[in-house]
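Analysis of the macromolecular model
For reference, the chains in residue letters:
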Amino acid sequence: MRQLTIYRRYFYDADCYTQGKPQKNIGVQVHSTGANNSYLKRYVQPDDGRLGTNRYSNHHNRKGLTTCASAYIGKQDDGTVAVYQTIPFEYRSWLSGSAAKGNANRLGYVGFEICEDSLTNKAYFDDAVMEKSVLLSAHLCTVFGADESMVFDHKELHAKGLASNHADITHWLKKFGYTMGDYRERVRSALAEGVQVTYINCDGEVTVLYDAKVTTPGTWLNLRDGKSGNAKVLAQMPRGSTVQVLNDTGVWWQVAFSGRSGFAMSNENGKTYLEPLKTPPVVVHTPSPLKDINDKLETARVAISDAMAMLDSE
Ligand SMILES: [Zn+2]
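The rules we used
- Residues numbered from 1 in each chain as written.
- Predicted model: local features only at pLDDT ≥ 70, side-chain atom pairs only at ≥ 80, totals over all residues.
- Helix = DSSP H or I, 4+ residues; strand = E, 2+ residues; numbered from the N terminus.
- Buried ≥ 20, exposed ≤ 12 C-beta atoms within 10 Å, placed from the backbone.
- Contact = placed C-beta atoms within 7 Å.
- Expected span 1.5 Å × (residues − 1).
- Bend = angle between axes of the 7 residues up to and from the residue.
- Pairing = 2+ DSSP bridges.
- Axes fitted to C-alpha atoms, helices over the stretch in contact; angles between N-to-C directions.
- Core = buried A, V, L, I, M, F, W, Y, C linked by C-beta atoms within 7 Å.
- pLDDT = per-residue confidence, 0-100.

1. So, the overall build of the protein chain
For the protein chain, the count of helices and strands is six helices and 18 strands. Counting across all 314 residues of the protein chain, residues that qualify as buried make up 39%. At a minimum sequence separation of 6, the contacts of the protein chain that also span at least 24 residues come to 71%.

What follows is the structure, encoded as structure tokens:
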């Protein structure tokens, strides 16, 4: 049995999520980003404590974008290669674009992006492309009732007249002597072995250390995108309001205010801006609007792993 961990960090602000509806999916489209940036935080936000913060706000969890993958594979802030699911797999990916014979998105090919690096690092290629993306492709095949013959890269879908003209991921495979035929062979053998997937839900669950009161001498205290006075202002927290403290190491504390999390100065020049209120630690759980779908996915996962276990025992 092969093992794959999938972090779930849904794009609640992106149109592909807010407009998304379940559709029947039949296969997988494999993409790579075409930009030399192997860090997931470039695309996947907000930070879950593992991704790190995107200071340029050019990630894909935004309104008005026409590109959206169902999952992204790349590095967390500490360099660990990980898989992040960003919309439910039943939803349509927004990746391939329309071409002469149709549109792979609409035809039910669910797509993910692998974050490219300089395309010369064999260790990263082996981990991100030949291991994690192969296992994700195999898992999606299992979810959709497909086999490896329904896994195509962007270049192949273009050749079939179902996607825009791009070279991914064939151009990357070629650097290390592989083809999409070899890739599908890896998917086939993963399917034969079985893939056990563990989902880690990063949505809406935060641990609150304690509440604090805004005691800045000014009218408000800025909630910022990063630990710097130059970081983007996310909200103005009025003096006297209560915030939830998520991390209180250093001068810049991570706090949640009015449904957003960011950073605020806890003190400056001996003046306290955030004064802890003495309350016991609590865990806030915001129920996911996708609870039904999550439950169905979970049921399907259990059914798949039961079926795999039966196959194993034969
Ligand atoms: Zn592509």
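Moving on, there is more to tell.
2. Here's the deal with helix α5 (residues 180-193)
Taking 1.5 Å of rise per residue, 14 residues should cover 20 Å, and α5 covers 20 Å from first to last C-alpha, within 8% of that figure. Of the surrounding secondary structure, the elements contacted by the buried residues of α5 are β1 (2-8), α2 (122-144), β6 (151-153), α4 (170-175) and β7 (195-201). Once α5 ends, the next one or two residues include Gly194, with phi positive near 95 degrees.

3. Quick notes on α2
Here α2 is 23 residues long and its end C-alpha atoms lie 31 Å apart, about the 33 Å a rise of 1.5 Å per residue gives. Most pronounced at Ser133, the bend in α2 amounts to some 30 degrees.

4. Focus: the pairing of strand β4 (residues 81-85)
Among the five residues that make up β4, five are buried, leaving the element largely enclosed by the rest of the structure. Across the two faces of β4 the burial is the same, with Val81, Val83 and Gln85 and Ala82 and Tyr84 all buried. The pairing of β1 with β4 spans three bridges and is classified as parallel. In the sheet register, Arg8 faces β4, and the bridge partner there is Gln85.

5. Observations regarding the sheet that holds β7
Strand order in the open sheet formed by seven strands is β6-β2-β5-β3-β4-β1-β7, with mixed pairing between adjacent strands. Across the chains shown, the open sheet's two edge strands, defined by having one partner strand only, are β6 and β7. Between one strand axis and the next, the sheet turns through 30 degrees on average, direction left out of account. With three bridges joining them, strand β3 (residues 71-75) and strand β5 (residues 109-114) adopt parallel strand pairing. Residue Tyr72 lies in a different strand from β5, and its bridge partner there is Glu113.

6. Concerning unusual backbone geometry
Glycine aside, a negative phi is what most residues show, and trans is what most peptide bonds show. For the peptide bond that leads from Gln45 to Pro46, omega is 0 degrees, which places it in the cis range. Tracing the backbone through its elements, the reader meets Pro46 in the loop between β2 (27-32) and β3. Note the cis peptide between Asp168 and Ile169, where omega equals -5 degrees. Note that Ile169 resides in the loop between α3 (154-159) and α4. Positive phi, normally seen in glycine, also occurs at Ser57, with a value near 55 degrees. Structurally, Ser57 can be placed in the loop between β2 and β3.

7. What to know about the nonpolar core
Of all hydrophobic cores here, the largest spans 59 residues; its most connected members are Tyr72, Ile73 and Cys141. Of all the elements, α2 adds the most residues to this core, at ten residues. Those residues in contact with Ile73 that lie beyond four places of it in its chain are Val81, Val83, Phe112, Ile114, Cys115, Ala128, Lys132, Ser133 and Leu136.

8. Points about the confidence of the model for the protein chain
Mean pLDDT over the protein chain works out to 88, with 87% of the residues at or above the 70 mark. Note that residues 279-289 has pLDDT below 50 and, in this model, 16 contacts with residues that lie over four places away or in other chains.

9. Describing the environment of His158
For His158, the position within the fold is in helix α3. Assessed through the 21 C-beta atoms surrounding it within 10 Å, His158 is described here as buried. As a C-alpha pair, His158 and Ala104 span 54 residues in sequence and 9.2 Å in three-dimensional space.

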